[in-house]
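# Chain and residue survey
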Amino acid sequence: MIQIRPAAVQKQINDKTSSMKSLSEECERLQEAARNFVKDASLQGSGWGAAKERVGAYDKLFSAIIYAYGLISMGDSTVFNALNSRFGSLEAANEEEWLQMQSEAQALYDAAEEDFNDAYDPEHPSTDQSAKLQDASARMGRKLDKAGAMLSKIYSYCEETNHVYEGDELSGYRNAITHGVSALTGSTFDPATSSWHDWDDGWTDELNHAAENTRPSEPMNADGTVNTQSVQRDMCIMRSFPEDSQQYRDAKKMLEAALEEIMAMDPDAQKAALAALAQSGLVTGSRDEDGYLTPQCSDELGEILDGTGVSWNALLSAAGYDENDEGSDASNAFTAAGAYVGGEQGVLEYLADKAPELCSEKLGAAFGTAGHAIAAVFVAGDTFLTATDEYEDD
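The sections below set out a description of the structure shown in this document. What you see is a predicted model; the values in this text were computed from it and never measured. (Residues numbered from 1 in each chain as written. Predicted model: local features only at pLDDT ≥ 70, side-chain atom pairs only at ≥ 80, totals over all residues. Heavy atoms only, no water.)

Time to look at the nonpolar core. Across soluble globular proteins, you tend to see nonpolar side chains buried next to one another. One finds Ile4 and Tyr173 to be the most contacted residues of the largest nonpolar core, which totals 74 residues. Tallying contributions element by element places helix α2 (residues 46-87) first for this core, with 17 residues. Listed in part, the five residues of the second largest apolar core include Ala34, Phe37, Ala51 and Val55. (Core = buried A, V, L, I, M, F, W, Y, C linked by side-chain atoms within 4.5 Å. Buried < 20%, exposed > 50% of the residue type's maximum accessible area, 1.4 Å probe, protein only. Helix = DSSP H or I, 4+ residues; strand = E, 2+ residues; numbered from the N terminus.)

Pasting the structure below:
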C-alpha cells in the first residue's frame, strides 16, 4: 500500500536543498581554484606535473558533482511541487485508508439500496423509503467522490514522481562519481617517482560518456511560456561544463535565443516570462540592511546578457522591478525565487567539525590551497551518492 507523507517530505527537501546548495557552491569555488592551479605555468617539473594531474582529476569530478546536484535539484523540485499542488501540508496520505472509505461507502449504499428493494411495493410505493434511499445515495456519493479524488491525487503523484531520480543521465553521472571518488581515494603518491600508485582513471571514460549524452533543453514552451525546468537544466550545464565545451555553447545559445524571444514580447507577457526566468535561478538576490531583497545577476545570466546585448538595467525595467517598492508583486516575483541565504558553515567548516582527519590530509606542498579539494570531494561525493535515495514511498 502507498503511504505518502507530504509535510515530512517537503521539509526533508527544504533541509537537503540548503546543504546541497552550500556544497555545490563550495565545489564551484574549489573547481575554480583547481583550474587556476593546473593553468599556473610557473609550476614546472615532475612533482608539479603529478600534482596538476591529480588536481585536474578533481576538476573533472567537481564538474560531475555540480551537474549531478543540478539534476537532483530538478527532481526535488518536481517532487516538492507535485506534493504541494495535490496535498498542501497534509501530514499523511494513506492509500489503504482511502480505499477502505471508498469500500465502506459503496457497501453502505448497496445495503440501503437492498433495503429499499426488499421493502418496495409497486402497488403501494413509499415516498419515505424513496427519500431514505436518495439521502443515502447523496451521503455515500459525497464520500465516494472524496475518496476517489484523494486516490486520484495519490496515484497521479506516484506516476509523476516514481522515476524522477532514475534517468539514464543521472545514473551515468552517479556511476562515474562513485568510481571517481573510489579511484582518487584509493591511489597514493610516490615522492621517489613523482607518480601515483594504483591510479585507476577508467572512471573518466564513464564520465566522458555521460557528458557526451548531456544535451540542453528548449527553454520556451510552444505557447510562448518559459519552461522553468529546462532553464534550470541549461543553467546547470553552463555552471558545470567548461566554457569551450559544446554543451556549454549549446546551452548558452538556447538561453540567449529564449531571452531574445522574451524581449520581443508585449509588456505583460514579457513580465511573466522574466519572472519565470527568475524562478529558474538565473536571477539571484541579496538582502539589504532593512531585509529587502535586491535582485542580482547570476554569472550565467551575465553571459547570456553579453551575448544578446541586453543590459541588466533594461532587464530589470522590463521585469517591472521597482527598487523603491520592495513589496510590489512584480518586485517580489522577480527577486524572491532567486534569493538564497546559505548555511553559516561551508564544507571546510563542516569537515573541521565532523571529520578533522580529512581536513588534515596533505598530498604535499604542491597542492597548496587545492588540498582543500581533497577533503571536500569526500563529503560532496558522499552527499551526492545518498541524495537520490530519499523520498521513496512505502
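Take the side chain of Ser63 next. With respect to the helices, strands and loops of the structure, Ser63 is situated in helix α2. Residue class for Ser63 comes out buried when judged on its relative accessible area of 14%. Residues contacting Ser63, with those up to four places away along its chain left out, are Gln31, Arg35 and Ser240. (Contact = heavy atoms within 4.5 Å.)

Turning to the packing of aromatic side chains, a few remarks are in order. The full count for this structure, using the stated rule, is four aromatic pairs. For the pair Tyr67 and Tyr173, a centre-to-centre distance of 5.1 Å together with 55° between the ring planes defines the contact as tilted. Of this pair, Tyr67 sits in helix α2 while Tyr173 sits in helix α5 (residues 168-186), placing them 106 residues apart in sequence. As far as the burial class goes, Tyr67 and Tyr173 line up, both buried. Between Tyr67 and Phe241, the aromatic rings sit 5.7 Å apart at their centres with planes inclined by 75°, giving edge-to-face as the arrangement. With Tyr67 in helix α2 and Phe241 in the loop between α7 (228-240) and α8 (246-263), this pair connects stretches of sequence that are 174 residues apart. The two residues Tyr67 and Phe241 agree in class, both being buried. Grouping aromatic residues by their ring pairs yields a cluster made of Tyr67, Tyr173 and Phe241. (Phe/Tyr/Trp six-rings, centres within 6.5 Å; stacked < 30°, edge-to-face > 60°.)

Turning to the packing of α8 against helix α9 (residues 267-279), a few remarks are in order. Where α8 contacts α9, the two axes come as close as 9 Å, and the packing angle between them is 150°. When the axes of α8 and α9 are compared, the pair comes out roughly antiparallel. Along the contact surface, α8 presents Leu259, Ile262 and Met263, while α9 presents Gln270, Ala273, Leu274 and Leu277. Of the residues that constitute the contact of α8 with α9, the class distribution is six nonpolar, one polar and no charged. (Axes fitted to C-alpha atoms, helices over the stretch in contact; angles between N-to-C directions. Parallel < 35°, antiparallel > 145°, perpendicular 65-115°, else oblique. Nonpolar A, V, L, I, M, F, W, Y, C, P; charged D, E, K, R; others polar.)

Quick look at the environment of Leu301 now. Note that Leu301 resides in helix α10 (residues 299-308). Of the residues examined, Leu301 reaches a relative accessible area of 3% and is grouped as buried. Each C-alpha atom of the pair Leu301 and Met235 lies 8.5 Å from the other, and the pair is 66 residues apart in sequence. Aside from chain neighbours lying at most four places away, what touches Leu301 is Leu282, Val283, Trp312 and Leu315.

This part takes up the pattern of salt bridges. Counted according to the given criterion, the structure contains 10 salt bridges. Glu25 serves as the salt-bridge partner of Lys21, at 4.0 Å between the closest nitrogen and oxygen. Of the two residues, Lys21 and Glu25 are both situated in helix α1 (residues 6-39); the distance of four residues between them amounts to about one turn of the helix. On the basis of relative accessibility, which here comes to 31%, the residue Lys21 falls in the partly exposed class. Classification of Glu25 as partly exposed rests on a relative accessible area of 39%. With a shortest N-O distance of 3.8 Å, Arg239 and Glu28 are connected by a salt bridge. One end of the pair, Arg239, is in helix α7; the other, Glu28, is in helix α1, and 211 residues separate them in sequence. Classification of Arg239 as partly exposed rests on a relative accessible area of 24%. The class for Glu28 is partly exposed, based on a relative accessible area of 25%. (Salt bridge = Lys/Arg side-chain N within 4 Å of Asp/Glu carboxyl O.)

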